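An overview of the molecular structure
One-letter residues, chain by chain:
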Amino acid sequence: METVTPGSTWSRRFLLLFMRNSAILSLFTQPLSGMYMRTFQQLDLRCTRLCAAAMLLLLLLPCMLHAQSHEFGPAPSDVLSPAPPDWWFGPNIGVNLVTHEGAFLTDYCQCEFRDGSGTRLTLGFELGRMFTPVIGVAVKALYNDMGAEFSYRLLIPTEVLNEGIVDVEHERKNVVKLSYFMLHPVLILQPLPFFYLFGGPAVGVTGTSTQEYTLTNVDPQFDLAVGGGDSRVVAMDSGEIPRAESLRMDLRAGLGLNLRLGRRLRFSPEVSYGIPLTTISDDDDWKAQAIHATAILKFEF
């Protein structure tokens, strides 16, 4: 005969009640289990990312502490913190966008040279020094080609075979070959490490000062009627510019950028404008001015 004690009876009743409630609870929780699993997977992914970020920070921490320790020790090398260079030297190359103003009469015809223009070459080198991170000076030694050309068309009465005097269209062209060797000291103001302003006077001597004059028949109806041959050129001549000035002076101002290519090497594009203070020849108001677009490769030392 089995003996049932009050304690064992209550234990069985509690076990049966727990099993019944668990079965009922499973009916409600089963649809939610999929959502809980997705939530746990998202939490697991986030934890993985956080752990990866924490591991990366732990790997970088020794490097950061090592760099920070230099603040309490000797000054870092110029690889970590490059100091502003005292001097630089480098070649200079670019173009001059030249404009001529005024007028002069050539020796070949009673025709004026007005408002000529051209794109010419400039070459040279630059030597400079920064006294502070903001203020410096430089000297530019330049070869400046300031040549220009001007042409226009006009009707000239011309005797044509079997037709008499006919107005024939011609083109007059003046080409000025003009160059100078210039010295250009400048004051440099550098408000930002990569940007600077500069300006100063420029003085130089004349290298080339010649002119060419050409009169050409441009009327297609008279291809073979010039000089009895197939040339369209009616007249051509060249020579020195009369009474050309041997000295040139101007004022220049501009801006530039410092683009670092290496520890001691910079590339600096510049744009400047030159206002002439002298004329090209001594008997007229003929002047040449230019916008200078150049680039300098600066070797620092």
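Residues numbered from 1 in each chain as written. Predicted model: local features only at pLDDT ≥ 70, side-chain atom pairs only at ≥ 80, totals over all residues. Heavy atoms only, no water.

For the rest of this paragraph, the subject is the pattern of salt bridges. One pass over the full model with this rule turns up 9 salt bridges. Of the charged contacts, one joins glutamate 270 and lysine 140 as a salt bridge, the two residues approaching to 2.9 Å between their closest N and O atoms. Of the two residues, glutamate 270 sits in strand β10 (residues 265-276) while lysine 140 sits in strand β3 (residues 135-145), which places them 130 residues apart along the sequence. In this pair, the class of glutamate 270 matches that of lysine 140, namely buried. The residue arginine 243 makes a salt bridge to aspartate 282 at a minimum N-O spacing of 3.9 Å. With a gap of 39 residues between them, arginine 243 in the loop between β7 (233-240) and β8 (247-257) and aspartate 282 in the loop between β10 and β11 (287-300) connect regions that are remote in the sequence. One network of salt bridges, with partners in common, ties together Glu126, Lys140 and Glu270. (Salt bridge = Lys/Arg side-chain N within 4 Å of Asp/Glu carboxyl O. Helix = DSSP H or I, 4+ residues; strand = E, 2+ residues; numbered from the N terminus. Buried < 20%, exposed > 50% of the residue type's maximum accessible area, 1.4 Å probe, protein only.)

To continue, consider the environment of alanine 244. Structurally, alanine 244 is set in the loop between β7 and β8. Judged by its relative accessible area of 31%, alanine 244 is partly exposed. Along the sequence, alanine 244 and serine 281 sit 37 residues apart, while their C-alpha atoms lie 4.1 Å from each other.

Moving on, we come to the side chain of threonine 278. Mapped onto the fold, threonine 278 is located in the loop between β10 and β11. Owing to a relative accessible area of 18%, threonine 278 belongs among the buried residues under this scheme. Polar side-chain contacts of threonine 278 include one of 3.2 Å to the backbone nitrogen of methionine 249. If sequence neighbours within four positions are ignored, threonine 278 has contacts with Leu247, Arg248, Met249 and Lys287. (Polar contact = N/O pair within 3.5 Å; in protein donor to acceptor, adjacent residues only side chain to side chain. Contact = heavy atoms within 4.5 Å.)

As a further point, take the nonpolar core. One finds Met146, Val176, Leu178, Tyr180, Ile241, Ile280 and Trp286 to be the most contacted residues of the largest nonpolar core, which totals 13 residues. Secondary structure elements with two or more residues in this core: β5 (164-192) and β11. Here this core gets 4 residues from one element, more than from any other, and that element is β5. By size, the runner-up hydrophobic cluster in this structure holds 7 residues, among which are Trp88, Ala138, Ile188 and Tyr196. (Core = buried A, V, L, I, M, F, W, Y, C linked by side-chain atoms within 4.5 Å.)

Each regular strand carries side chains that alternate between the two faces of the sheet. One ladder, built from 11 bridges, connects β3 with β5; its direction is antiparallel. Paired with aspartate 145 across the two strands is serine 179, which belongs to β5. When strand β4 (residues 148-160) meets β5, the two strands line up antiparallel, connected through 13 bridges. Counted as the bridge partner of valine 160 is glycine 164 from β5. The hairpin formed by β4 and β5 contains 3 residues between the paired strands, and asparagine 162 there has a positive phi angle of roughly 65°. Sheet analysis places β5 next to strand β6 (residues 195-217), joined by 18 bridges and oriented antiparallel. (Pairing = 2+ DSSP bridges.)

Once that is clear, we can look at the packing of aromatic side chains. In this description, an aromatic ring pair is defined by two values, namely the gap between the centres and the angle between the planes. Under the criterion given, the structure shown has 5 aromatic pairs. Summarising the aromatic geometry, the rings of tyrosine 143 and phenylalanine 181 are spaced 5.4 Å apart at their centres and angled 50° between planes, so their arrangement reads as tilted. With tyrosine 143 in strand β3 and phenylalanine 181 in strand β5, this pair connects stretches of sequence that are 38 residues apart. By relative accessible area, tyrosine 143 is classed as partly exposed at 28%. Directly above the ring of phenylalanine 198 sits lysine 140, whose terminal nitrogen or CZ lies 5.1 Å from the centroid. (Phe/Tyr/Trp six-rings, centres within 6.5 Å; stacked < 30°, edge-to-face > 60°. Lys NZ or Arg CZ within 6 Å of the ring centre and 35° of its normal.)

Structural measurements only, silent on function.
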